[in-house]
Amino acid sequence: MTTKSKKTKSAGRFGARYGKKVRDKLVSVEVKQRKRQTCPFCKRLGAKRLSKGIWNCPKCNKTFASHAYYLEE
Ligand SMILES: [Zn+2]
């Protein structure tokens, strides 16, 4: 079951488990990791996370390894 509410966002998949605080922390990371990040090569907003630590920028056509969840601003 993958229902998610407006309030819990992506942490809705855990239901009532693990507590509100840790679920909120997880949401703040997951929201960031799913957004496009600034590419360290062309400095444009394009890099997208493919997997843990693997990023791809379609603007300069590069796939590279970097931080696991989000790139440094
Ligand atoms: Zn780039």
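It should be noted that the structure appears before, not after, this text.
For the structure given in this document, a descriptive report is provided here. (Residues numbered from 1 in each chain as written. Predicted model: local features only at pLDDT ≥ 70, side-chain atom pairs only at ≥ 80, totals over all residues. Heavy atoms only, no water.)

### Concerning the overall build of the chain
Thought 1: Counting secondary structure elements, the chain contains one helix and four strands.
Thought 2: Scaling as 2.2 N^0.38, a compact globule of 73 residues should have a C-alpha radius of gyration of about 11 Å, whereas the chain reaches 15 Å, well beyond that.
Thought 3: C-alpha atoms of the chain, sized along the principal axes, occupy 40 × 20 × 20 Å.
Thought 4: Taking contacts inside the chain between residues at least 6 apart in sequence as the whole, the part at least 24 apart equals 12%.
Thought 5: Counting 21 positive and 4 negative side-chain charges, the chain places the centres of these two groups 6 Å from one another. (Helix = DSSP H or I, 4+ residues; strand = E, 2+ residues; numbered from the N terminus. Rg over C-alpha atoms; globule rule 2.2 N^0.38 Å. Contact = heavy atoms within 4.5 Å. Lys, Arg positive; Asp, Glu negative; His and termini not counted. Charge placed at Lys NZ, Arg CZ, Asp CG, Glu CD.)

### Concerning unusual backbone geometry
Thought 1: Of note, the phi angle at Tyr18 is positive, near 75 degrees, even though the residue is not glycine.
Thought 2: On the secondary structure map, Tyr18 appears in the segment before α1 (20–34).
Thought 3: For Lys43, which is not glycine, the phi dihedral falls at a positive 60 degrees.
Thought 4: Secondary-structure assignment places Lys43 in the loop between β1 (37–38) and β2 (45–51).

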